[in-house]
Amino acid sequence: MSKAEPGARLNLQCEGKPDQDVEVGDLLTIGRSQSNRFVLDDHRASRRHAEIRLIAPGRYRLADLGSANGTWLNHRRLTAPCELQNGDLIQIGASTLRFECSAAAVAEASCSVGTATQLLEKYVIMLVTDIRNYTRMSEALPREKFSKFVKEWFKACGRLIEARQGTIDKFIGDAVMCYWLVPDPGNPEREVGSALTAAGELIGAAASFSDRLSGIFPGYSFHIGIGVSMGNALMGNVGTASNQSITLVGDCVNVAFRLESLTKEKNRAVIVTSNIAECAPAGYTFVDLGPAEVKGRKNPVAISSLELEPSRAARA
């Protein structure tokens, strides 16, 4: 079990078999395949059925991984990733799993002393997306209609990112900041693939939103830029004792924001750090853009652009 997360575990209750406890840690995969950390000997369980992922100190999220027979949480079928509470019951096939998060873990997550507390170093993939020409449109277009349009865009972003097992950190003005925890920094291919798939889907969704916007406001279009980086970041409560929020900070976060800002300058929809391109699963194509100076950083960053389908790239 991760030392920083005491008490987070699953208790397996299966008829005819002794109870079994397994520690959750940063990521617990569940399924029939022996590659999972929690293996279920049940033909009704898919090879990769579900996962429980640490999303912040003391907070865990359950997600179904496209299983054939579904994952049930407290007797309801899981239709979207859901944050777990102590005592929640998870049903997979004939197995009932009880999620247990100790009081110590909860207390650690809610502790608030000073301006920044309980910062844990995590290896993450950061994705930042921003609406281009937002200020100009917000000044020129009717406020109520445009605000409603942007809210719908943020909802669509949330659905797409969470469907790819990403976590929304925050909405900042017209930007969305999200991340994927990488439990094994030596083998990040799965999380990199999820982040890149989400990036492509966000660009595709923006093209659909552009059609809608031009239909409402002729002469206007809707475009986004996306920056993706991978590296170490600090996760935890940041702020004053009376006003804290769980977030990520550090060089990896700053680089993602800077890469997003470079997308317009370099006329690219998605720009990633070189380690993202190097660790991407088969099927993704990149163009090496060489080293780029990043504001606030002493050393340049090697970057690449993600090549999208022609229909998406032409409208990005």
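Details of the structure are given in the entry above.
Values in this document were obtained by computation on a predicted structure and should not be read as measured data.

Colleague: Describe the side chain of Thr273, with residues and values.
Modeller: Relative to the assigned elements, Thr273 resides in strand β17 (residues 270-273). In this view, Thr273 contacts Val228, Ser229, Met230, Val255, Leu259, Val301 and Ala302; residues no more than four positions away in its chain are not counted.

Colleague: Break down the packing of aromatic side chains for me, with residues and values.
Modeller: In this structure the tally under the stated criterion is 8 aromatic pairs. When the ring of Phe149 is compared with that of Phe222, the centres are 5.5 Å apart and the planes differ by 75°; the resulting orientation is edge-to-face. On the criterion of sequence distance, the pair formed by Phe149 in helix α3 (residues 143-163) and Phe222 in the loop between α4 (189-216) and β15 (224-240) is long-range, its members being 73 residues apart. In this structure Phe149 comes out as buried when scored by relative accessible area, which is 3%. Accessibility expressed as a relative area gives 1% for Phe222, which makes it buried. One aromatic cluster is present, built from ring pairs that chain together Phe149, Trp153, Phe209 and Phe222. Of note, Arg212 hangs over the ring of Phe209, and the distance from its end group to the ring centre comes to 4.8 Å.

Colleague: Which residues make up the pairing of strand β10 (residues 89-92), and what values do they have?
Modeller: Going residue by residue along β10, you find Ile90 and Ile92 tucked away on one face and Leu89 and Gln91 left uncovered on the opposite face. Of the pairings in the sheet, the one linking strand β7 (residues 72-73) to β10 comprises 2 bridges and is antiparallel in character. Counted as the bridge partner of Leu73 is Ile90 from β10. Here 4 bridges tie β10 to strand β11 (residues 95-100), and the two strands are oriented antiparallel to one another. Note that in β11 the partner of Gln91 across the bridge is Thr96. In sequence, β10 turns back onto β11 through a hairpin of 2 residues, with Gly93 there showing a positive phi of about 60°.

Colleague: Give me the lowdown on the nonpolar core, citing residues and values where you can.
Modeller: Judged by nonpolar contacts, the single largest core of 42 residues is most densely connected at Ile125, Trp153, Phe222, Ile226 and Val270. Listed by contribution, the elements that provide at least two residues to this core are β12 (116-131), α3, β14 (175-181), α4, β15 and β17. Take this core: its biggest share by element is 11 residues, from α4. Leaving out residues up to four positions away in the same chain, Phe222 has contacts with Ile131, Phe149, Trp153, Ala206, Phe209, Ser210 and Leu213. Among the nonpolar cores identified, the runner-up in size contains 37 residues, and Leu40, Tyr60, Ile92 and Met235 belong to it.

Colleague: Can you break down the sheet that holds strand β9 (residues 82-83) residue by residue, with the values?
Modeller: Hydrogen bonds along the backbone pair up the strands of a sheet, which may run parallel or antiparallel. In spatial order, the strands read β4-β3-β5-β6-β9; together these 5 strands make up an open sheet with mixed pairing. Two strands in the sheet have a free side with no partner beyond their single neighbour: β4 (38-39) and β9. Taken together, the 4 bridges between strand β3 (residues 27-31) and strand β5 (residues 50-56) define a ladder with antiparallel strand orientation. In the sheet register, Leu27 faces β5, and the bridge partner there is Arg53.

Reading the values: the criteria
As a convention, each chain's residues are numbered from 1 in the sequence order in which they are written. For a predicted model such as this one, the threshold for reporting local features is a pLDDT of at least 70, and the threshold for listing and counting side-chain atom pairs is 80 or more; totals across whole chains, interfaces and linings nevertheless cover every residue. Hydrogen atoms and water are omitted, and side-chain values are computed over all heavy atoms in the structure. Only runs of H or I of at least four residues qualify as helices and only runs of E of at least two qualify as strands under DSSP, and these elements are numbered from the N terminus. Residue contacts follow a heavy-atom distance rule, with two residues in contact if any of their heavy atoms lie within 4.5 Å. Pairs were defined over the aromatic rings of Phe, Tyr and Trp, the Trp ring being its six-membered one, requiring ring centres within 6.5 Å. Orientation was assigned from the angle between planes: stacked under 30 degrees, edge-to-face over 60, tilted for the rest. Working definition: with a 1.4 Å probe on protein chains only, accessible area under 20% of the residue-type maximum means buried, over 50% means exposed, and in between means partly exposed. A positively charged side chain is recorded as over a ring if its NZ (Lys) or CZ (Arg) lies within 6 Å of the ring centre. The angle to the ring normal must also be within 35 degrees. Note: two strands are recorded as paired if DSSP finds a minimum of 2 bridges between them. Joining through side-chain atoms within 4.5 Å is the link that ties buried Ala, Val, Leu, Ile, Met, Phe, Trp, Tyr and Cys residues into a set, and such a set is a nonpolar core.

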